[in-house]
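Observations on the model geometry
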Amino acid sequence: MKKVIPKGARWLKSSVKHIDPVKREVTADDTVISYDFLIVALGIELNYDAIKGAKEAIGKNGVCTNYLYDFVEYTYESLKNTKSGNIVTKPQSKIKGGVSAENSLFTMDDFVKQHDRNVDIMFRSGREELFEVKKYNDSLINQMEEKHIDYKLNEELIEVKGKEKQAVFKNNKTGDTHTLSFEMLVVTPPMHGPSILKSSGLLDEEGWVDVDKHTMMHKQYTTVFSLGDSSSLPTVKMGAAVRKQLPVLVDNLIERMNDQEPSHKYDGRTPAHRN
């Protein structure tokens, strides 16, 4: 980190505990720092606790997740040993990486077919549609059907019974619950915005930093900007989006520092990385 911090910037190795946009102060551990302008880029938080038994089950009995570094290798080891049924889950909440669950799904499907295994692959999503944009939603549906993947929507993972190798789902529309057996379960946990901002007055009703979707300036506090996963920007939460957001934010911040209205507009692009 030290290598990439520009000269003249002070690196405070402390955790943010509170932000007061009225006083324009940030509390980091026991230090209170005053600011003229603030950029909030606190990312997204994983909430495995929302799924009963998930934390205790991960890393054993075929229960996997790709959102915790220490367990990524276990996902691959489990996949290599799977011979019957796999389940990939996706929560109703916004998540880091947008279609990361679907990426896991199709990678697993390709792997088992390359190794000539007759493995049932199931996808359970808590959302009403596979993707918000119709063009891509239709494409995902076509791929699911072509690959003969058993997918269902409005199905939220609410409990993992690791030893019994069972996953409990709740239908978000009807409230009904049912249990599926698995050999391998890939858990995508529910996620939310930064918990430490709950009392700051910076968040919208959904728990994201409430910014204008074009200028990235806070809708109420004009000395605050936000980008990336913690912001309310209506885009897929991924690093590629930040690449396009950052230059616009910087230009608008400079204008605000010069007592001008921000005039640069972010257009919502989230381009994929290309070599």
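What you see is a predicted model, and the numbers here were worked out from it, not measured in a lab. (Residues numbered from 1 in each chain as written. Predicted model: local features only at pLDDT ≥ 70, side-chain atom pairs only at ≥ 80, totals over all residues. Heavy atoms only, no water.)

**Looking at the side chain of Asn137**
Counting through the fold element by element, Asn137 comes out in helix H4 (residues 134–146). By relative accessible area, Asn137 is classed as buried at 11%. A polar side-chain atom of Asn137 sits 2.9 Å from the main-chain amide nitrogen of Leu130. Within the structure, the side chain of Asn137 is placed 3.0 Å from the backbone nitrogen of Phe131, a separation counted as a polar contact. Ignoring anything within four residues of it in the chain, the contact list for Asn137 reads Glu129, Leu130 and Phe131. (Helix = DSSP H or I, 4+ residues; strand = E, 2+ residues; numbered from the N terminus. Buried < 20%, exposed > 50% of the residue type's maximum accessible area, 1.4 Å probe, protein only. Polar contact = N/O pair within 3.5 Å; in protein donor to acceptor, adjacent residues only side chain to side chain. Contact = heavy atoms within 4.5 Å.)

**Some details on the sheet that holds strand S12 (residues 177–181)**
Overall, antiparallel pairing links the three strands, which are arranged S10-S11-S12 in an open sheet. Each edge of the open sheet carries a strand with a single partner, namely strand S10 (155–161) and S12. The average angle at which neighbouring strand axes cross in this sheet is 30°, direction not considered. Relative to strand S11 (residues 166–171), S10 is paired through six bridges, and the arrangement is antiparallel. Counted as the bridge partner of Glu156 is Lys170 from S11. (Pairing = 2+ DSSP bridges. Axes fitted to C-alpha atoms, helices over the stretch in contact; angles between N-to-C directions.)

**Some points on the side chain of Thr215**
Assignment of secondary structure puts Thr215 in the loop between strand S14 (191–192) and strand S15 (224–226). In contact with Thr215, not counting residues within four places along its chain, are Phe225, Asn252, Pro262 and His264.

**Some details on the pairing of strand S3 (residues 31–34)**
Bridge count between strand S2 (residues 25–28) and S3: four bridges; the pairing is antiparallel. Counted as the bridge partner of Thr27 is Val32 from S3. What sits between the antiparallel neighbours S2 and S3 is a turn of two residues, in which Asp29 has the positive phi angle 55°.

**Digging into the packing of aromatic side chains**
A full pass over the atoms with the stated rule returns two aromatic pairs. Where Tyr76 meets Phe111, the ring centres are 6.1 Å apart and the plane angle is 80°; that geometry is what we call edge-to-face. Residue Tyr76 is located in helix H2 (residues 72–81), and its partner Phe111 is located in helix H3 (residues 100–114); the two are separated by 35 residues in the primary sequence. For Phe111, a relative accessible area of 13% gives the class buried. For the ring pair Phe131 and Tyr136, a centre distance of 5.9 Å and an interplane angle of 85° mean the geometry is edge-to-face. A relative accessible area of 44% places Tyr136 in the partly exposed class. Geometry around Trp11 places Lys13 over its ring, the cationic atom sitting 4.6 Å from the centre. Taking the ring centre of Trp208 as reference, the NZ or CZ of Lys237 above it sits at 4.0 Å. (Phe/Tyr/Trp six-rings, centres within 6.5 Å; stacked < 30°, edge-to-face > 60°. Lys NZ or Arg CZ within 6 Å of the ring centre and 35° of its normal.)

**So, the environment of Gln92**
Here Gln92 is to be found in the loop between strand S7 (85–90) and H3. We classify Gln92 as partly exposed; its relative accessible area is 46%. For the pair formed by Gln92 and Leu157, sequence separation is 65 residues and the distance between their alpha carbons is 9.5 Å. Other than its neighbours up to four places away in sequence, Gln92 contacts Gly126, Arg127, Glu156 and Asn172.

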